[in-house]
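Listed below, chain by chain, are the residues.
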Amino acid sequence: MTEGLIRDRTHPNRMDSDQQSRLQTAPELRNVSSLGQLPLHSTDLLTLLDPTGVVLYETPSIERLYGYEQKELVGEQVADYFHPEDRDRVVKAFAAIVSTEGSHVETVEYRHLMADGSYKWIESVSSSNPTPDGNYVINSRDISERKQREREIQQTREQVQSERDGKEAIRQ
């Protein structure tokens, strides 16, 4: 009789119980407090807001992304740092998260004030599922480069369209 390994191919990405056991006992995960170190290595910013939009916590990546010290915005109304043209739209998106029952996700793009006085394009995502304390986790990332590429593509399209319009005018 031949012995072998049998795998459930109906769920190819699912780990078997031995794999799960090894993962759960991996040295770096044995101490659950090490999970608190994960935000130190994140490229995104995690912000904890109370239901009124007051900053309760920012991960250390705020220093790299926005130029502020980690605790500098704690206690501040986050909307005060949004570009005036974007503020109402972002505040409405947050209000939708706070007022929605059940599971709802909002993603919003806006300009955020940096410590040096400039603005960067940011994309923030949040869920209507509050923390046990009734606060909200916002996941944000810098999308300035993407917005710049979008502007360049739009300018190229406009230039091509203008050239087409010019050629059409000449033909007539």
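Just so it is clear, the structure is predicted and the values come from calculations on it, not from any experiment.

Asks: Any chance you could explain the overall build of the protein here in plain terms?
Replies: What the protein contains, in helices and strands, is five helices and five strands. Ordering the α and β elements of the protein from the N terminus gives α-α-β-β-α-α-β-β-β-α. Within the protein, buried positions represent 25% of all 172 residues. If you take every contact in the protein between residues at least 6 apart in sequence, the share linking residues at least 24 apart comes to 39%. Summed over all atoms, the accessible surface of the protein reaches about 12300 Å², with 51% contributed by carbon and sulfur.

Asks: I'm lost on the layout of surface pockets in this one. Help?
Replies: In this approach the atoms are scanned with a rolling probe the size of a water molecule, which exposes any empty space left behind. Estimated volume of the largest pocket: approximately 290 Å³. Taken together, 27 residues line the largest pocket, and the ones lying closest to its centre are Leu49, Phe82, Val90, Phe94 and Ile138. Elements that contribute at least two residues to the lining of the largest pocket include exactly strand S1 (45–49), strand S2 (55–58), helix H4 (87–99), strand S3 (105–113), strand S4 (119–127) and strand S5 (136–142). Take the lining of the largest pocket: its biggest share by element is five residues, from H4.

Asks: In this structure, what is going on with the pairing of S3? I would like to understand it.
Replies: The side chains of a regular strand alternate between the sheet's two faces. The pairing of S3 with S4 spans nine bridges and is classified as antiparallel. Across the sheet, the residue bridging to Glu109 is Glu123, located in S4. Hairpin geometry of S3 and S4 is characterised by an intervening segment of five residues between the two adjacent antiparallel strands and by a positive phi of about 95 degrees at Gly117.

Asks: Please clarify how a negative patch on the surface should be interpreted in this entry.
Replies: Taken together, the side chains of Glu63, Glu69, Glu72, Glu76 and Asp80 define an acidic patch exposed on the protein surface. Residue position: Glu72 is located in the loop between helix H3 (61–65) and H4.

Asks: What should I look at first to understand H4 in this one?
Replies: Along an α-helix, a turn takes 3.6 residues, which lines up residues three or four apart on a common side. Counted at 1.5 Å a residue, the expected span for H4 with its 13 residues is 18 Å, and the 18 Å between its end C-alpha atoms agrees. The inward-facing, buried residues of H4 abut S1, S3, S4 and S5.

Asks: Is there a simple way to think about the confidence of the model for the protein in this case?
Replies: Atomic detail in the predicted coordinates should be set aside for any region of low pLDDT. For the protein, the mean per-residue pLDDT works out to 82, and 73% of the residues sit at or above 70. Confidence drops under pLDDT 50 across residues 1–11; counting only partners more than four residues distant or on other chains, this segment forms two contacts.

Asks: Quick question: what am I supposed to make of the side chain of Asp86 here?
Replies: Topologically, Asp86 is positioned in the loop between H3 and H4. Looking at Asp86, its side chain comes within polar contact range of the side chain of Arg89, at 3.1 Å. The residues touching Asp86, leaving out its near neighbours within four places in the chain, are Tyr110, Arg111 and Trp121.

Asks: Please explain the pairing of S1 as it appears in this structure.
Replies: The alternating pattern of S1 places Leu45, Thr47 and Leu49 on a buried face, while none of Leu46 and Leu48, on the opposite face, is buried. In the sheet, S1 pairs with S5 via five bridges, with the strands oriented antiparallel. Paired with Leu46 across the two strands is Asn139, which belongs to S5. Once S1 ends, the chain turns through five residues before running back antiparallel as S2, passing Gly53 with a positive phi of about 95 degrees.

Asks: What exactly am I supposed to notice about the pattern of salt bridges here?
Replies: For side chains of opposite charge, pairing can occur when their charged atoms come near one another. Following the criterion strictly, the structure yields 11 salt bridges and no others. Taken together, the salt bridges that share partners define one network made up of Asp44, Glu109, Glu123, Arg141, Arg146, Lys147 and Glu150.

Asks: Would you mind going over the sheet that holds S2 with me for this structure?
Replies: In a beta sheet, neighbouring strands pair by backbone hydrogen bonds and run either parallel or antiparallel. With respect to topology, five strands assemble into an open sheet ordered S2-S1-S5-S4-S3, the strand pairing being antiparallel. Every other strand in the sheet has two partners, leaving S2 and S3 as the edge strands with one partner each. Going from strand to strand, the sheet's axes swing by 30 degrees on average, the running direction of each strand aside. Those strands touched by H4 are S1, S3, S4 and S5, and its axis lies near 145 degrees from that of S3.

The rules behind the values
Residues numbered from 1 in each chain as written. Predicted model: local features only at pLDDT ≥ 70, side-chain atom pairs only at ≥ 80, totals over all residues. Heavy atoms only, no water. Helix = DSSP H or I, 4+ residues; strand = E, 2+ residues; numbered from the N terminus. Buried < 20%, exposed > 50% of the residue type's maximum accessible area, 1.4 Å probe, protein only. Contact = heavy atoms within 4.5 Å. Areas by Shrake-Rupley, 256 points an atom, 1.4 Å probe, with all protein chains shown as cover. 1 Å grid on protein atoms, 1.4 Å probe; cavity = no way out; pocket = protein on both sides within 12 Å on 5 of 7 lines; lining within 4 Å. Points joined across faces, edges and corners; volume = space filled by probe spheres on them. Pairing = 2+ DSSP bridges. Patch = residues over 30% accessible without salt bridge, like charges linked within 9 Å, V, L, I, M, F, W, Y side chains within 5 Å. Salt bridge = Lys/Arg side-chain N within 4 Å of Asp/Glu carboxyl O. Lys, Arg positive; Asp, Glu negative; His and termini not counted. Charge placed at Lys NZ, Arg CZ, Asp CG, Glu CD. Expected span 1.5 Å × (residues − 1). pLDDT = per-residue confidence, 0-100. Polar contact = N/O pair within 3.5 Å; in protein donor to acceptor, adjacent residues only side chain to side chain. Axes fitted to C-alpha atoms, helices over the stretch in contact; angles between N-to-C directions.

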